Amino acid sequence: MLHKTKGIALKTTSYSENSIIVHIYTEQFGMQSYIINGAKKPKAKIHANLFQPLHPLEMVVYHKDNGGLQHIKEAQHAPILKQIPLDIIKSSLALFLNEVLYKALKSQSPDPFLFHYIQQSIHWLDQTEDNLANFHLVFLIKISRFLGFLPLQTSGKQLPYFDLMDGIFTTNLPAHTHVLQAPHTEILYRLLQMTFEQSSSLKMEKEDRKFLLEKLLEFYKLHTENFGTVHALYILEEIFQ
């Protein structure tokens, strides 16, 4: 049966000399894998270049509820990203977020609110002229709410420790190493309250930003099955030195 759905391209792998399998997080069906025969041919109806990292799509798809590889009848960019493919900072952020999302959404069921948040974040990244040094930190924090492990604030005042395993701020130092302490707990508090626009004015030492990002990825790893290593991390560390 044919269905219309929006999607966000996350990962493409070669299937044969001219065909690919593309993993797309869709608005209607959650994470899906599609086989596209002949996608590498110059005159392909649905070309492999359509599925660049984080590109938003409008598709007409054949969908089977029994899972497995699905098929796409029609696909187009919606909208066409103008700056992300050409700007080195934005394209590097897109590669990083693309890898994080693929790992975090592998088994994700349909969630229109999550889909719309990701879509709106991509559009903002593509259009903004703001400083982007903290964009990915806010994105990781905000999206954790949809994934079920948003850092919890159980008190009206700032607490000195953040327990990564339990996902809570606390007055007591946990008996393990998965923890944030001052001054990074204070930075995390501030980022929790910020929009993308507000985060552009937050001043942070590069060492603090690097450490906080590594701890946020550790947080994801603790709360996401088979999350593994984010290989694009080194790209951001080079970009935001």
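Residues numbered from 1 in each chain as written. Predicted model: local features only at pLDDT ≥ 70, side-chain atom pairs only at ≥ 80, totals over all residues. Heavy atoms only, no water.

**With respect to the layout of surface pockets**
- Roughly 170 Å³ of internal volume is contained in the largest pocket.
- Lining the largest pocket are Lys 103, Ala 104, Lys 106, Ser 107, Gln 108, Leu 147, Phe 149, His 223, Thr 224, Glu 225 and Asn 226.
- Of the residues assigned to the lining of the largest pocket, the class counts are three nonpolar, five polar and three charged.
- There is about 150 Å³ of room inside the second largest pocket.
- Taken together, Ile 35, Ile 36, Asn 37, Gly 38, Ala 39, Ala 44, Lys 45, Ile 46, His 71 and Ile 72 form the lining of the second largest pocket.
- Secondary-structure elements contributing two or more residues to the lining of the second largest pocket are strand 3 (30-36) and strand 5 (71-77).
- For the lining of the second largest pocket, a count of residues per class yields six nonpolar, three polar and one charged. (1 Å grid on protein atoms, 1.4 Å probe; cavity = no way out; pocket = protein on both sides within 12 Å on 5 of 7 lines; lining within 4 Å. Points joined across faces, edges and corners; volume = space filled by probe spheres on them. Nonpolar A, V, L, I, M, F, W, Y, C, P; charged D, E, K, R; others polar. Helix = DSSP H or I, 4+ residues; strand = E, 2+ residues; numbered from the N terminus.)

**So, helix 6 (residues 206-223)**
- Between its first and last C-alpha atoms helix 6 spans 26 Å; for 18 residues at 1.5 Å apiece the expected length is 26 Å, and the two agree.
- Within helix 6, the full set of buried residues consists of Arg 209, Leu 212, Leu 213, Lys 215, Leu 216, Leu 217, Phe 219 and Tyr 220.
- The secondary structure elements touched by the buried residues of helix 6 are helix 1 (88-104), helix 3 (135-147), strand 6 (161-163), strand 8 (179-180), helix 4 (184-192) and helix 7 (233-239). (Expected span 1.5 Å × (residues − 1). Buried < 20%, exposed > 50% of the residue type's maximum accessible area, 1.4 Å probe, protein only. Contact = heavy atoms within 4.5 Å.)

**Here's the deal with the sheet that holds strand 8**
- Read across the open sheet, the three strands follow the order 7-6-8; overall the sheet is antiparallel. Every other strand in the sheet has two partners, leaving strand 7 (168-170) and strand 8 as the edge strands with one partner each.
- Contacts from helix 4 reach strand 6, strand 7 and strand 8 within the one sheet, and its direction differs from that of strand 7 by about 135°. (Pairing = 2+ DSSP bridges. Axes fitted to C-alpha atoms, helices over the stretch in contact; angles between N-to-C directions.)

**A closer look at unusual backbone geometry**
- Pro 79 follows Ala 78 through a cis peptide bond whose omega is -5°.
- Among the secondary structure elements, Pro 79 is positioned in the loop between strand 5 and helix 1.
- Ala 182 connects to Pro 183 through a cis peptide bond whose omega is 5°.
- Mapped onto the secondary structure, Pro 183 falls in the loop between strand 8 and helix 4.
- Backbone geometry places Leu 54, a non-glycine residue, at a positive phi of 70°.

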